[in-house]
Amino acid sequence: MRSTAVLATRELTKAYGDFLALRQFSLEVRQGKVFGLLGPNGSGKTTTLRLLLGLLHPTSGQATIFGLDCWRQSLQVRRLVSYLPGELRMYDSMSGLALLRFLSDLREGDGLDRAVALAEQVMQLNLRKKVRAYSTGMKQKLALALAFSDPVDVLILDEPTSALDPSARGDVLRLVREARSLGQTVIFSGHVLSEVEAVSDRVAILRRGRLMHIEDMHARRSLRMLLIKFAGKGPAEFPAELELTVRERSDQTLLLEHRGQIGPLLHWLDTMPILDLAIGTEDLHSLYDRFHGPDAIDEETVMSS
Amino acid sequence: MKPFFALLRKHVHDTRGTLILSAAALFGLGWLFVFVTSLNETEILKVLSSETEDNRFRWLRNMGLEEQPPSVSIMMSFWSHPLIISIIAIWAIARGSIAVGAEVERGTLDLILSRPVSRTSYLLTHVLMAIFGLFFLALALAVGARIGAHYNFLRVPIEFWTLAKPALNLAALGLPIYGYTLLVSAVDYVRWRATMIGSVLTLAGFIAWVVSVIPVLQKYTWRVYLERVSIFKLYNPVDDVSTGESLLFNLAVLAGIGAGCILLSFLAFIRRDLPANG
């Protein structure tokens, strides 16, 4: 059974004068899923997240969470959402515990006990210390402890692992999976592709404020890349049931994507005049490079195709 | 209501040091000005008791007076001292500029407004704290003066309720200063600009008022305009304790300007974008 769409944007656009920070951004995120947002700095990830929280007013289009308009019903939306800002700033004069208590009180005091337990036991923080004595990573852990303890349906995490050491990064990914297993929906923005790849159900790639591609990570995990050298020129067409897509073609060599069943593919390969064959997988980096690498696809071409 | 009180509690926690120090300064000034008034009166009494009735009248006329003024009027002339006005103005400008601009600048507004807190509640807690501070500071001055009056000789004893009127006028003087500073802060991304604009407007108003009361400039017509544009004309502690005729009007205008600016601040703040810091 398909879960319902918790979060939806329709033609969401944010402009600052002539500059378009986000252009006609449309997507849906279903309940209990982890949705990754990828893109370099300035691609519109943070703008999207701030529009979802009602911190920014959309120039046009609409964003909704559980059907509530993110700008007009921002307060109700924020009751259902917990947010970890990308550039984290805190009240340094407070102790860790006082800050957790204060921020928890802003949500009627819910989740404080869990936040304290998470901060002390998982994040190994001394909550009696002043926040000013914390390192950047420790502050991030404190904010994460709070975000994961909030009794909400949606978690919006803007670069949640940016200041963390490797073991803490692992903890965060574990907490994201745990949140998903509890039915929470997670929006996970980041630059570390392997992390986004590890936890996301779907990933959106943004470039200059435009949604370039949405990838289903479950389908991607079953993706095979085939590099085949044919004796003679490769076939111009393939049987449809094989679900093969040509990525690159030269005289004798073809780079193919395969997302279908392995049996029919092997049978078809057996019938073809093949000189050499390599089968592998493709990580998210290769996909990301298609939009942001040195040979990136021109966005106008993609949009018109 | 828990988020609302959590925010109020935080504001009290953040400002208690400044507020207590400022209140202590005003309390001390209140007491000091009673002490100075007491010394003045003693000197005047000494002079007057040694003179004949005619000489006494002539001496008072030379001082620009018809009769010896009540103690409280002498004392109130000190309540327009720049030190007193500065403390009130600094509080108003500091609280106005920190409400939005400073929080956006340091990035801490995200922490609060990503929680289920409405922008109206957030700003309201700031406004309440600032107004409470203004009245608390004015009260500290009045209490200092009243306690000072208990320990110093004054020809005419002073009641606390007599001091309440100029104290109220002083607190009201802070409202427009807070209001226009808050308005700048509510639409800005940095604190310094709200502080600067608030300070410049306040200083300009004060200078306009000082220039407008210089005796040799009374014949110039533009002096009237200077007087009209300054909110400091509406703070008149001597009049408040003597006739008190203009007190209600002054309070209404000061509160009106303050309330108008605060209302505009709310309208601007609930509609504005809050971009990421840095």
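It should be noted that the structure appears before, not after, this text.
As the structure is a prediction and not an experimental result, all values here were calculated from the model.

Draft legend 1. Local environment of the interface of chain B and chain A. Taken residue by residue, the interface counts 30 residues in chain B and 31 residues in chain A. Both faces combined, the contact of chain B with chain A buries some 2800 Å², and carbon together with sulfur accounts for 55% of it. Ranking the residues of chain B by area buried against chain A places Leu 111, Arg 115 and Pro 116 of chain B at the top, with a combined share of 26%. Here chain B and chain A share five salt bridges between them. A salt bridge links Asp 150 of chain A to Arg 115 of chain B; the nearest nitrogen and oxygen atoms lie 2.7 Å apart. Residue assignment for the side of chain B that touches chain A shows that the elements contributing at least two residues are helix H1 (2-49), helix H4 (82-106), helix H5 (109-113) and helix H11 (247-271) of chain B. When residues in the side of chain B that touches chain A are grouped by element, the largest group, six residues, is from H1 of chain B. Considered class by class, the residues forming the side of chain B that touches chain A number 13 nonpolar, six polar and eleven charged.

Draft legend 2. Quick look at the packing of aromatic side chains. Counted by the stated rule, this structure contains twelve aromatic pairs over all chains. When the centroid spacing of 6.2 Å and the interplanar angle of 80° are considered together, the rings of Tyr 91 of chain A and Phe 102 of chain A count as edge-to-face. Taken as a pair, Tyr 91 of chain A in the loop between strand E6 (81-84) and helix H3 (96-105) and Phe 102 of chain A in helix H3 lie far apart in primary sequence, eleven residues in all. Per residue, the accessibility class of Tyr 91 of chain A equals that of Phe 102 of chain A, and both read buried. Relative to Phe 5 of chain B, the ring of Phe 4 of chain B has its centre 5.8 Å away and its plane inclined at 85°; by these criteria the two rings are edge-to-face.

Draft legend 3. Focus on the pattern of salt bridges. Residues and elements named next belong to chain A. In this structure the tally under the stated criterion is 24 salt bridges over all chains. Between Arg 169 and Glu 195 there is a salt bridge, and its shortest N-O distance comes to 2.9 Å. One end of the pair, Arg 169, is in helix H6 (residues 166-181); the other, Glu 195, is in helix H7 (residues 193-199), and 26 residues separate them in sequence. Note that Glu 215 is salt-bridged to Arg 220, the shortest N-O span being 2.9 Å. Across the pair, exposure class does not vary: Glu 215 and Arg 220 are buried alike. In this structure, a network of salt bridges that share partners links the residues Glu 215, Arg 220, Arg 247, Glu 257, Arg 259 and Glu 282.

Draft legend 4. Summary view of helix H8 (residues 191-212) of chain B. All names here are of chain B. Relative to the 32 Å expected for 22 residues at 1.5 Å per residue, H8 spans 32 Å between its end C-alpha atoms, a close match to the ideal helical length. Listing the buried residues of H8 in full gives Ala 194, Gly 198, Thr 202, Gly 205, Phe 206, Ala 208, Trp 209 and Ser 212. The arc that holds every buried residue of H8, seen down its axis, measures 160°, which confines them to one face. Counted as exposed and oriented over 90 degrees from the buried face of H8: Val 200 and Leu 203. Check the buried side of H8 and you find it contacts H4, helix H7 (160-187) and helix H9 (222-229).

Draft legend 5. Structural view of unusual backbone geometry. Residue and element names in this part refer to chain A. The phi torsion at Gln 24 lies on the positive side, around 40°, for a residue other than glycine. Examined against the element boundaries, Gln 24 turns out to sit in strand E2 (residues 19-30). Its relative accessible area of 53% is what places Gln 24 among the exposed residues. Of note in this structure, Arg 208 is not a glycine but carries a positive phi near 45°. Tracing the chain through its elements places Arg 208 in the loop between strand E9 (202-207) and strand E10 (210-216).

Draft legend 6. Expanded view of the packing of helix H6 (residues 119-151) of chain B against H7 of chain B. All names here are of chain B. Relative to each other, H6 and H7 sit at 150°, their axes nearing to 8 Å. Judged by the twist between their axes, the crossing of H6 over H7 is right-handed. Residue classes in the contact of H6 with H7 are distributed as 21 nonpolar, two polar and one charged.

Parameters at a glance
Residues numbered from 1 in each chain as written. Chains lettered and ligands numbered in written order. Predicted model: local features only at pLDDT ≥ 70, side-chain atom pairs only at ≥ 80, totals over all residues. Heavy atoms only, no water. Contact = heavy atoms within 4.5 Å. Buried area = accessible area lost by both parts, 1.4 Å probe. Salt bridge = Lys/Arg side-chain N within 4 Å of Asp/Glu carboxyl O. Helix = DSSP H or I, 4+ residues; strand = E, 2+ residues; numbered from the N terminus. Nonpolar A, V, L, I, M, F, W, Y, C, P; charged D, E, K, R; others polar. Phe/Tyr/Trp six-rings, centres within 6.5 Å; stacked < 30°, edge-to-face > 60°. Buried < 20%, exposed > 50% of the residue type's maximum accessible area, 1.4 Å probe, protein only. Expected span 1.5 Å × (residues − 1). Arc of directions from axis to C-beta. Axes fitted to C-alpha atoms, helices over the stretch in contact; angles between N-to-C directions. Left-handed = near helix turned anticlockwise from the far one by under 90°.

These results come straight from atomic positions and should not be treated as a statement about function.
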